[in-house]
Amino acid sequence: MARRSRLIAVLAAGLLAVSACTNEVSGSASGVDIGPLTTAEATAAAMSSFAEAAAVHYQGDLTASDGAKLTVDVTATGGGEVFGTVTVQGLGATLAVLDKTLYLKGAPEFWAALATRFGVSSGNGTALGNRWVKLPSVLLGVDFGDIFAPDVVARTAGKAVRDADKELTTRTTTVGSVTALEVPVDGGTAYLAKDAPHGVVSLAVDEIGTAQNAKAKDMRVAVTDVSANVNQIYTDLANLAKNELGTAVDALTSITQGGNRFDACGAASCTVAVDVTNPSKKAVRIHLKADWTGDNASLGSCEQISDPVAPGASLSMSCAVTTPQWVSFYQRANSVPGTHPYGAVWTALALADPPDATALATLGAAKPADPKKKQDTGKGHTVYEIGNSAGVWKYGVASAKYWRDSAKAQLRACLGLTKAVCTYSLVTTSENEVSAYALVNQLVAAYVKDKGKCPAGQWTSCPK
């Protein structure tokens, strides 16, 4: 027992010695004062989220480089594809930009009214009416693929320029059904949602575009993120390219039409043959279409598409009307006394090379990037997350080379809104940009399923 008592005494002495060496300073702990979110910080975060969107829907107005007023309702992807509708001088058309090539589809009156402006010889518009037509972007006075890419729009809008270092502005207006904060920026005015995370809801940009003859001015557009639909968007574009744009007209390549004649006109059908020549310096496919009439009534139409015709080469093209209307007309003409005139009005047009539908379909079918394969290759697109001890604040996609810069630009917004220190980390990197976006869509959807809402800082891929 005595030995055990001595051991206790030694331990006690040891504890006392340690206690005597403490460096404790008296006083009470105090937290760091986290100031309110500033206009500059909120705008920087909003523009970073906007720039990394997979796809954005725009609705509004702008002025083309030649002064024409345009109304747009288009969706643009981060890869530069654009589709939707445009109204020029009060006349509407469907629009698509694929492979940096502009395609338009309008009624005959659209082409008749704008033939002079576009420099396209379309007569009264009948030849091009209701057909997809390939045009250089500069002829429309706006390069849609250039001015609507989300990163270009965000970069052009720029930073907040008034009261940037002060608490987020309280100047509000209504954009659609959303209450928005009005923020003057380098390139015009940005309208941020009043509610966090203060995403962009509308933009007024003074001038945007790189080519002098295809810049837009006074662009005023409401914007909506549609990144959650990126796979379907590319699938739809692939179908458009495959099923419709394969017969788009090359409006700047003219075909010379020569002799013509009717052949083998009988009870079942009637054929028109037309001699054509390709005077251009490239091989083109030629599309022949004939609209038939009999007794001043429509009898239907026929068409033929040639194989590529070499520069300077000629050939004879033909097509036959075989419609029930022709059969009825022929029977009537042979049974009812009198004159029964019939005829065909035809056009022979050069077809544009079709866009790459396979590449678009591949993007549409892209699977989400694998988050288990964490890598930082410096190439492709990086999926990252920002968060703190409370959990994920947002997921994002940025260029693998500059993703840290994008994430850093949003840390102060995360701190100001959550009142807790935020950090960023890499999730994974993908060479296929749609795979990166698809992973973010998957991560956000899983978060919503678990929490019942999007991450607090999420703008892209958040259900609207």
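Asker: I would appreciate a short explanation of the state of the cysteines in the present structure.
Answerer: Defined simply, a disulfide is a covalent bond joining two cysteines at their sulfur atoms. The final tally for this structure, using the stated rule, is four disulfides. Here C265 engages in a disulfide with C270; their sulfurs sit 1.8 Å apart. Between C265 and C270, the disulfide has an S-S torsion of 40 degrees and is therefore right-handed. You can call C270 buried: its relative accessible area is 0%. Residue C414 pairs covalently with C422 via a disulfide, S to S 2.0 Å. Taking the torsion about the S-S bond as the criterion, the C414 to C422 disulfide, at about -75 degrees, is left-handed. Here C414 falls in the buried class, since its relative accessible area comes to 0%. In the chain, the cysteines engaged in disulfides, taken in order along the sequence, are linked 1-2, 3-4, 5-6, 7-8.

Asker: Would you mind going over helix 7 (residues 230-243) with me for this structure?
Answerer: Residues spaced three or four apart along an α-helix point in a common direction, a consequence of the helix completing one turn every 3.6 residues. In a regular helix each residue adds 1.5 Å, so 14 residues correspond to 20 Å; helix 7 covers 20 Å between its end C-alpha atoms and thus fits that length. When helix 7 is considered as a whole, its buried residues turn out to be V230, I233, Y234, L237, A238, L240 and A241. All buried residues of helix 7 fall inside an arc of 160 degrees around its axis, so they share one side. Turned more than 90 degrees away from the buried face of helix 7 sit K242 and N243, all of them exposed.

Asker: Where do I start with helix 10 (residues 403-418) in this structure?
Answerer: Between its first and last C-alpha, helix 10 extends 22 Å over 16 residues, near the 22 Å set by a 1.5 Å rise per residue. Considered for burial, the residues of helix 10 that qualify are W403, S406, A407, Q410, L411, A413, C414 and G416. In this fold, the buried residues of helix 10 make contact with helix 2 (39-51), strand 19 (381-388), strand 20 (391-399) and strand 21 (423-430). Count one or two residues on from helix 10 and you reach K419, which has phi positive near 60 degrees.

Asker: Could you clarify how one ought to interpret the layout of surface pockets in this entry?
Answerer: Over the atoms a probe the size of a water molecule is rolled, and this reveals where empty space is left. Of the pockets and cavities examined, the largest pocket occupies roughly 820 Å³. Forming the boundary of the largest pocket are 26 residues, of which M47, S48, A51, D151 and S406 lie nearest the centre. In terms of residues, the lining of the largest pocket owes the most to one element, helix 2, which gives six residues. Of the residues contributing to the lining of the largest pocket, the split by class is 13 nonpolar, seven polar and six charged.

Asker: Would you take a moment to explain the packing of helix 2 against helix 10 for this structure?
Answerer: For any two helices packed against each other, the geometry is given by the interaxial angle and the distance between the axes. Interaxial distance between helix 2 and helix 10 falls to 8 Å at its minimum, and their mutual angle equals 140 degrees. By the angle between their axes, helix 2 is oblique relative to helix 10. The element helix 2 and its partner helix 10 pack so that their crossing is left-handed. Contact residues: helix 2 offers E41, A44, A45, S48 and S49, while helix 10 offers S406, A409, Q410, R412 and A413. Taken together, the residues of the contact of helix 2 with helix 10 break down into four nonpolar, four polar and two charged.

Asker: What's the story with the sheet that holds strand 19 in this structure? I'm lost.
Answerer: Sheet strands pair by backbone hydrogen bonding; their relative direction is either parallel or antiparallel. Taken together, the three strands give an open sheet; going across it, the order is 20-19-21, and neighbouring strands pair in antiparallel fashion. A single partner strand is all that each edge strand has here, and the edge strands are strand 20 and strand 21. Averaged over all pairs of adjacent strands, the angle between their axes in this sheet comes to 25 degrees, without regard to strand direction. Examined bridge by bridge, strand 19 and strand 20 share eight bridges and lie antiparallel to one another. Considered in strand 20, the bridge of G387 is made with V392. Sitting on the sheet, helix 10 touches strand 19, strand 20 and strand 21, and the angle it makes with strand 19 is about 20 degrees.

Asker: What exactly am I supposed to notice about the environment of L168 here?
Answerer: For L168, the position within the fold is in the loop between helix 6 (150-157) and strand 7 (172-175). The exposure class of L168 is buried, given its relative accessible area of 13%. Considering only alpha carbons, one finds L168 and G60, 108 residues apart in sequence, at a separation of 26 Å. Leaving out residues up to four positions away in the same chain, L168 has contacts with L37, T38, T39, A42, L181 and H198.

Asker: Explain the nonpolar core to me, please; I cannot follow it from the model alone.
Answerer: The nonpolar side chains of a soluble globular protein tend to be buried with one another. Core analysis: the biggest nonpolar cluster contains 54 residues, and F50, Y58, L104, F144 and F148 have the highest contact counts within it. Membership of the second largest hydrophobic core comes to 35 residues, among which are W132, I233, V392 and V434.

Asker: What is the right way to read the side chain of S306 from this model?
Answerer: By the element assignment, S306 lies in the loop between strand 16 (297-305) and strand 17 (314-321). By relative accessible area, S306 is classed as buried at 8%. In contact with S306, not counting residues within four places along its chain, are R285, I286, L315 and M317.

Asker: When you look at the sheet that holds strand 14 (residues 270-277) in this model, what are you seeing that I'm missing?
Answerer: Taken together, the three strands give an open sheet; going across it, the order is 13-14-17, and neighbouring strands pair in antiparallel fashion. At either margin of the open sheet sits one strand with a lone partner, and together these are strand 13 (256-263) and strand 17. Taking the axes of each pair of neighbouring strands and ignoring which way they run, one obtains an average angle of 20 degrees across the sheet. In the sheet, strand 14 pairs with strand 17 via eight bridges, with the strands oriented antiparallel. Among the inter-strand pairings, C270 is bridged to a residue of strand 17, identified as V321.

Asker: In this structure, what is going on with the pattern of salt bridges? I would like to understand it.
Answerer: As a working rule, side chains carrying opposite charge can pair if their charged atoms are close by. On inspection of all chains with the given rule, the structure shows ten salt bridges. Taking the shortest distance from any N to any O, the salt bridge between K215 and E207 comes out at 3.5 Å. Classification of K215 by relative accessible area gives buried; the value is 15%.

Asker: How do you make sense of the side chain of H287 when you look at a structure like this?
Answerer: Relative to the elements of secondary structure, H287 occurs in strand 15 (residues 285-294). Within the local environment of H287, its side chain forms a polar contact with the side chain of R131, the two groups lying 3.2 Å apart. The contacts of H287, once residues within four sequence positions are left out, are R131, E303, Q304, I305, T347, A348, L349 and L351.

Conventions and cut-offs
Residues numbered from 1 in each chain as written. Predicted model: local features only at pLDDT ≥ 70, side-chain atom pairs only at ≥ 80, totals over all residues. Heavy atoms only, no water. Disulfide = S-S within 2.5 Å. Buried < 20%, exposed > 50% of the residue type's maximum accessible area, 1.4 Å probe, protein only. Helix = DSSP H or I, 4+ residues; strand = E, 2+ residues; numbered from the N terminus. Expected span 1.5 Å × (residues − 1). Arc of directions from axis to C-beta. Contact = heavy atoms within 4.5 Å. 1 Å grid on protein atoms, 1.4 Å probe; cavity = no way out; pocket = protein on both sides within 12 Å on 5 of 7 lines; lining within 4 Å. Points joined across faces, edges and corners; volume = space filled by probe spheres on them. Nonpolar A, V, L, I, M, F, W, Y, C, P; charged D, E, K, R; others polar. Axes fitted to C-alpha atoms, helices over the stretch in contact; angles between N-to-C directions. Parallel < 35°, antiparallel > 145°, perpendicular 65-115°, else oblique. Left-handed = near helix turned anticlockwise from the far one by under 90°. Pairing = 2+ DSSP bridges. Core = buried A, V, L, I, M, F, W, Y, C linked by side-chain atoms within 4.5 Å. Salt bridge = Lys/Arg side-chain N within 4 Å of Asp/Glu carboxyl O. Polar contact = N/O pair within 3.5 Å; in protein donor to acceptor, adjacent residues only side chain to side chain.

In short, geometric facts, not functional conclusions.
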